[in-house]
Amino acid sequence: MPAVYKKAARAVANRFGHVSSGFSFWRSGVACLRITKPFGWCFPLMLTASFCGAADVDQLLPECAALSSTKPEVQDFTGYQGRVLLIDFWATWCPPCRKSMPFLNSLRNELGDQGFEVIAVNLDEETREATRYLASHPVDYPILFDPRGECPQAFAVETMPSSYFVGRKGRIRFVHHGYRESDRALIREKVLSLLEE
Amino acid sequence: MNSRTLAAVILLCLVLPLQGCGITVKPWQRGNLAKREMAISPDPPLRELREQVYLSREATDGGKGGSAGGCGCN
Amino acid sequence: MAVTDRINNALAVLTSAALSLPGLSAKAALPASNASANFLFGDYRESDDRMKAQVFHADVLFPMRERVDFTFKANEDVYSGATPLFSVPNAMRDKPKRILGTNIYEPADVVVSASPVVGTFEVTTSMHGFKSFEDGVFDYILNTPPALQTVEGGLAAGYTEVIDEMVPDEGDISQTFVDHPQEARKEGVLGLNYYFDDVTLAVSGGVSDEPDYKSSFGSTNVSWELGDDLTTLNFGYGLTSNEISRVESHGSGGDHVHAGDEDYQDLDEDSTYHSFNFGLSRVLTKNTLLQLNASYTHQRGYLTNPYKLVYVRGEITPDEYAALNLQQAIFQDVTDLEVAGVELFREVRPDRRNRYAVSTQLRHYFPALDSSLHLDYRYYWDNWNIDSHTLETSWYQELSRGVTVTPYVRYYSQSEAYFYAPYFLAPRSDGYYSSDYRLSAFGALSTGLNLRKEFDRGFALQAGIDYRTQKGSLKLGGGGIGDYADFHSYLLHASLELDLESRFSSSGYSAAGHHGHHVKASHPVQPPAGLMFGQMMNRAGDLMVGYQYMYGRLDGDMYRGTRKANDREVIDQGCRNLGCTNTSRQMEMHMNMLHLMYAPTDWLNLAVMPTLINKKMRMRSLEGAPDNDSHSNRHDSDGIGDTLLAALTQLYDSPGHHLHLGLGLSAPTGSINSKLYDSELQGYGMQLGSGTWDFIPSLTYTGQASRWSWGAQIRGTKRLEDENGQHYRFGDEWQVSTWGGFRISPWLSASVRGIFTDRGEIHGETDRHNSQSTPVDFPENYGGQFWDLGLGVNLAVPDGAFSGHGLKLEWLEPIRQDNNGYQLDREGTLYASWSYHF
């Protein structure tokens, strides 16, 4: 699509609300639009509607900017093609996020040689809170730091924590919201089924 | 102005300006709200202790649902 | 209320999730993540020797199964001091009154109340000594009975003269105070939170008990998260049911007064409260939270203060006083109010009260400053015509290293109840009267400062001070009462917050810092619950927090030496030559002790153990004894006991054997001034402390082989001073214990223990005024030798989230006692304790 049309489309979209970053016309084929301007008073008449389909089941992974612990770069997760991925959005201030980490760590270590990897995207606004937490509660899987929240925006994350299960072909297969102890069996089962494909 | 009018004015002054927000808060932006100091009551035992002192020396009942234990009033 | 606040915190702030189906975003509030406990101590003191109170609080929160929280909270308040009884103009004080049998006049208040409430005789004749009464009515000649003069108006004229003298000036008003003996209020509350998907249900219930007020209460609260988790609605209902009585001897000083209680029945009333509240929380920005609340409470029943009095002129006329004096009428014939003195009556409040409040709370975080602002405003009004404004603000400033400093300011202003007046010049047609300054118009300003430090190991310490001043002149818009009712107060507080799962952090690794390796409990030997200084920690940096409850009971027959003594013998010999009239029939002691222990090195532990004690003794009269005058049958004392400081040093430690030395010091923080209502000192055994610094050395040996364990301890108590503040000291003590234990399972073990205690007699005698009519009042009836058998169980959590916690229970059964003098039979002692080693 010619650049000038892209620009015009974005301008029109911006008129009506915030356009989530990181979307790609090529990938999703549809503008991801969120209407956030208030209708009259924001409370209780606030209307927040999301027409985002950027990170739903069967979509390809969006790209977003996040810092890895070694270098800042835009992650497009293409390096993980052929492996089963669990992209986990977490923060230190979210207790279920903290509770899920030892379990994900042990699952990842157990199934790693079958091609399973966990990538955790930390969303603390102060990255040093996260590094301090990780110093005393280390995990073996890679952590990306996204204090500005660009990745969750691209993925349209709705809850904390959120886990995106990605199949070997790079498509999102399953989205898991939140974490309770009772979810462990389900998570394990889903990962195993994706590994078998 | 009488007491009630004053109360209404204060309440409106505190509440109204905060209505025109128009900002949405994303689930991952709730870190600051999760801080202990941002809770409605970060320290329930201390708040109860203070309320007990006030309850026994003033004529006003606590505004929020209370554990109405005893008097200790005298 | 703690439960509601925790819900508000969890719901209004955190977005969390309950998983239902893949892809569906079902959201809900979160239960608390870790089990935790809080301990708080508060000390409240008012100016001018008014009320003082000490408050002890502990609460615990247990999350279970991710959808449920259990909470339990316990409070004890110990309070005493003076409060205003009634107020009158100063002009009514200090009138000349004759000292009976003399020609000397001294100044006395015309309006005086004796307590308990006096009878007709006391009220009418208390006016007779005043000069104006005599001038008008009685011909007073020294040493002859007064003769009634014939005066116009007669007896009634005499009363008129006195009452006219009491015409209040519009001048200064002053309050008469009454002293309250020390009392304790105890409260326990249980709570449960259940987390559905968008809704949280909280239910709680509890009881509160003090000598004249018993309350049971329950409440339920539903929270509902809407939409994008930015808005939460709250609905709550609470029910409270109270039983009110009156402790008759409040305020009596000096001699017993035989009440005209035949005139009025003992107070036995109740009241019920229903309260409803509605709240709305809204997240406005990622740094701002706003909450609105409205509440309504309906109160019905006895809402009056049982002790306060009011001066009402004209309720009883001089003719009526004359009729009362001539016994032609009784109080009930002339007034519906309860008479408490000359022109003094018990207050009466309406039996219905509708109370309304609306409030708003704002919380805002400033990222640049790393601080939060709290701003709360509440407007209250009720159908007693009282309305009030409350404005509170705090600034939570986070500093480095987990320290937060929080200044606090509160302004309060209220108007007066429609039936309030400092005194009444004419009766009210509705019959409602109160001079309680708490229903008057005034303002109050409080300021406070708090310091809190959070430690990486999962606990936090906090301390702070609040100052409050209450003044008529602080009322918003003026019109408050005069400054005679002004006072101020200080509140000091300190607390410990403890994460009960900190030893096993959520990552499965051991707690941060110096541990660095996976912690596994090593099944250490656990001595029985009742043994003090029996256990040591052997790793530098370790901490232990614990709570121990002890219950001891004496009941039944009196013993001297090893044999029973009958009543006749107790009367003749138990009180020296004075002849006992009463003896104790039951005594209970409850002791709560908090253990705080720290290991600075591998071989040294330091500990501090403050205590809170309740003692109760019930008396009975001895058969064949002369009738005694009305001693209260109830002896209670409540308050802080002596505080123990200890250092434990390891002498020998190997896998099978361990030996350590304890050096303890008991600080005399416990009162030796506990008094009965009539201000006589209570017996030695009812005091809360020894009054002296005491040295407590101990030597403990423990051994272990596979499932068996055993040990022995010798411990002494040596008084370091010859006498305490009242010129006596308790005897020295020493105790020998030996025990054996068997581990039934990795968690559970049982023990059997033999204990011998030698308690020396009391040296010297108190120099304060105490009663001398029961054996407990005499020092020679203390001490002796005691043999006990202890049976105990220990529960220790070896691993998992709750590793480091232990619970112990032990019952001591008396086998033999050899008393000094006359003492009550010992029934046994129960020890129950919890400890957390992290």
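Being a predicted model, the structure only gives us computed values, none of them experimental.

(A) Quick peek at the overall build of chain C. Within chain C, the regular secondary structure consists of seven helices and 43 strands. In chain C, which comprises 838 residues, the proportion classed as buried is 46%. Once local pairs closer than 6 in sequence are excluded, the contacts in chain C between residues at least 24 apart make up 68%.

(B) Seen up close, the overall build of chain A. Summing up its helical and strand segments, chain A has six helices and ten strands in all. Taking all 197 residues of chain A together, the buried fraction comes to 37%. A separation threshold of at least 6 residues defines the contact pool for chain A, and within that pool the share at least 24 residues apart is 62%.

(C) View of the confidence of the model for chain A. Mean pLDDT over chain A: 74, with 67% of residues reaching 70 or higher. In the model, residues 16-53 of chain A has pLDDT below 50 throughout and makes 74 contacts with residues more than four positions away in sequence or in other chains.

(D) Molecular detail of the pairing of strand E14 (residues 268-285) of chain C. Residues and elements named next belong to chain C. Pairing of strand E13 (residues 231-245) with E14 involves 15 bridges; the strand directions are antiparallel. The residue bridging Ser 245 from the neighbouring strand is Asp 268, located in E14. Two strands pair when backbone bridges link them, and E14 and strand E15 (residues 288-301) are joined in this way by 14 bridges, in the antiparallel orientation. Pairing of Asn 277 across the sheet is with Ser 295, part of E15.

(E) Geometry of the interface of chain C and chain B. Across the boundary between the two partners, chain C contributes 85 residues, which contact 45 residues of chain B. With nine residues, strand E19 (residues 352-366) of chain C is the single largest residue contributor to the side of chain C that touches chain B. Per-class residue counts for the side of chain C that touches chain B are 34 nonpolar, 38 polar and 13 charged.

(F) View of the nonpolar core. With 43 residues, the main nonpolar core has Val 111, Val 310, Tyr 311, Leu 344 and Phe 345 of chain C as its most contacted residues. Put simply, the parts of the chain that give this core at least two residues each are strand E5 (68-89), helix H4 (154-165), strand E10 (173-195), strand E16 (309-311), helix H5 (318-325), strand E17 (339-341) and strand E18 (344-346) of chain C. Other than its neighbours up to four places away in sequence, Phe 345 of chain C contacts Leu 309, Val 310, Val 312, Glu 315, Leu 337, Glu 338, Val 339 and Ala 340 of chain C. Counting 42 residues, the second-largest nonpolar core is a separate cluster that includes Ala 66, Ala 156, Met 160 and Leu 194 of chain A.

(G) Structural detail: the environment of Tyr 437 of chain C. All names here are of chain C. Tracing the chain through its elements places Tyr 437 in the loop between strand E22 (403-414) and strand E23 (442-455). Residues Tyr 437 and Tyr 420, spaced 17 residues apart in sequence, show a C-alpha to C-alpha distance of 8.5 Å. In this structure, Tyr 437 is in contact with Pro 84, Ile 481 and Ala 485, ignoring residues within four places of it in sequence.

(H) Here's a closer look at the sheet that holds E17 of chain C. Residues and elements named next belong to chain C. Taken together, the three strands give an open sheet; going across it, the order is E16-E18-E17, and neighbouring strands pair in antiparallel fashion. A single partner strand is all that each edge strand has here, and the edge strands are E16 and E17. The sheet shows a mean angle of 40° between the axes of neighbouring strands, taken without regard to direction. In this structure, E17 lies alongside E18, joined through two bridges in antiparallel fashion. Residue pairing in the sheet places Gly 341 in a bridge with Leu 344 of E18.

(I) The arrangement of the packing of helix H3 (residues 95-111) of chain A against helix H6 (residues 184-195) of chain A in detail. Residue and element names in this part refer to chain A. Look at H3 against H6: their axes get within 12 Å of each other, and the N-to-C directions meet at 30°. In terms of orientation, H3 lies roughly parallel with respect to H6. For H3 against H6, the interelement crossing comes out right-handed. Of H6, the residues touching H3 (which contributes Phe 103, Leu 107 and Leu 111) are Arg 184, Arg 188, Val 191 and Leu 195. Here the contact of H3 with H6 is built from residues that sort into five nonpolar, no polar and two charged.

(J) Representation of H4 of chain C in the model. Taking 1.5 Å of rise per residue, the twelve residues of H4 of chain C would be expected to cover 16 Å, and the 17 Å separating its terminal C-alpha atoms lies within 8% of that figure. Within H4 of chain C, burial applies to Leu 155, Gly 158, Tyr 159, Thr 160, Glu 161, Val 162 and Ile 163 of chain C.

(K) Molecular detail of the packing of H4 of chain C against H5 of chain C. Residues and elements named next belong to chain C. Following both chains from N to C, one finds H4 and H5 inclined at 125°, their axes separated by 8 Å at the closest point. Here H4 lies oblique to H5, going by the angle between them. With respect to the hand of their crossing, H4 and H5 are arranged in right-handed fashion. Judged by residue contacts, Gly 154, Leu 155, Ala 156, Tyr 159, Thr 160 and Ile 163 of H4 engage Pro 318, Asp 319, Tyr 321, Ala 322 and Asn 325 from H5. For the contact of H4 with H5, a count of residues per class yields seven nonpolar, three polar and one charged.

(L) Structural context of the pairing of strand E30 (residues 604-609) of chain C. All names here are of chain C. Side chains Asn 605, Ala 607 and Met 609 project from E30 onto a buried face, and the interleaved Leu 604, Leu 606 and Val 608 project onto a face without burial. Summarising the sheet, strand E29 (residues 582-601) and E30 pair through four bridges and their orientation is antiparallel. By the bridge assignment for E30, Tyr 598 is matched with Leu 606. Count of turn residues in the E29/E30 antiparallel hairpin: two residues. By the bridge criterion, six bridges tie E30 to strand E33 (residues 643-654) in an arrangement that is antiparallel. Following the sheet pairing, Ala 607 is matched in E33 by Ala 646.

(M) Structural context of the domain arrangement of chain C. Assigned domains within chain C: domain 1 (2-84 + 178-499) and domain 2 (543-837). For domain 1 of chain C versus domain 2 of chain C, the distance between C-alpha centres works out to 36 Å.

(N) Just unusual backbone geometry, in detail. A cis amide bond links Met 160 of chain A to the next residue, Pro 161 of chain A, at an omega of -5°. Take Pro 161 of chain A: it is sitting in the loop between helix H5 (150-155) and strand E9 (162-166). With a phi angle near 55°, Ala 156 of chain A is a residue other than glycine that sits in the positive phi range. If you trace the backbone, Ala 156 of chain A turns up in the loop between H5 and E9. Here Ala 156 of chain A falls in the buried class, since 22 other C-beta atoms lie within 10 Å of it. Even without being a glycine, Asp 48 of chain C presents a positive backbone phi close to 55°.

(O) Broad picture of the environment of Arg 282 of chain C. All names here are of chain C. On the secondary structure map, Arg 282 appears in strand E14. A count of 21 C-beta atoms within 10 Å places Arg 282 in the buried class. Sequence-wise, Arg 282 and Tyr 432 are 150 residues apart; in three dimensions their C-alpha atoms are separated by 44 Å.

(P) Region of the structure containing the confidence of the model for chain C. All names here are of chain C. Residues with a pLDDT of 70 or more make up 87% of chain C, whose mean pLDDT is 85. Of all helices and strands in chain C, the one with the weakest mean pLDDT is strand E1 (residues 16-17) (28), whereas E22 scores best (97). Scored below 50 in pLDDT, residues 251-261 makes 25 contacts in the model with residues more than four places away or belonging to other chains. Segment residues 505-522 is flagged for pLDDT under 50; beyond a separation of four residues in sequence, or across chains, it makes 28 contacts in the model. The ipTM assigned to the predicted complex is 0.87, against a pTM of 0.85.

Reading guide: rules and limits
Residues numbered from 1 in each chain as written. Chains lettered and ligands numbered in written order. Predicted model: local features only at pLDDT ≥ 70, side-chain atom pairs only at ≥ 80, totals over all residues. Helix = DSSP H or I, 4+ residues; strand = E, 2+ residues; numbered from the N terminus. Buried ≥ 20, exposed ≤ 12 C-beta atoms within 10 Å, placed from the backbone. Contact = placed C-beta atoms within 7 Å. pLDDT = per-residue confidence, 0-100. Pairing = 2+ DSSP bridges. Nonpolar A, V, L, I, M, F, W, Y, C, P; charged D, E, K, R; others polar. Core = buried A, V, L, I, M, F, W, Y, C linked by C-beta atoms within 7 Å. Axes fitted to C-alpha atoms, helices over the stretch in contact; angles between N-to-C directions. Parallel < 35°, antiparallel > 145°, perpendicular 65-115°, else oblique. Left-handed = near helix turned anticlockwise from the far one by under 90°. Expected span 1.5 Å × (residues − 1). Domains from an automatic or database assignment.

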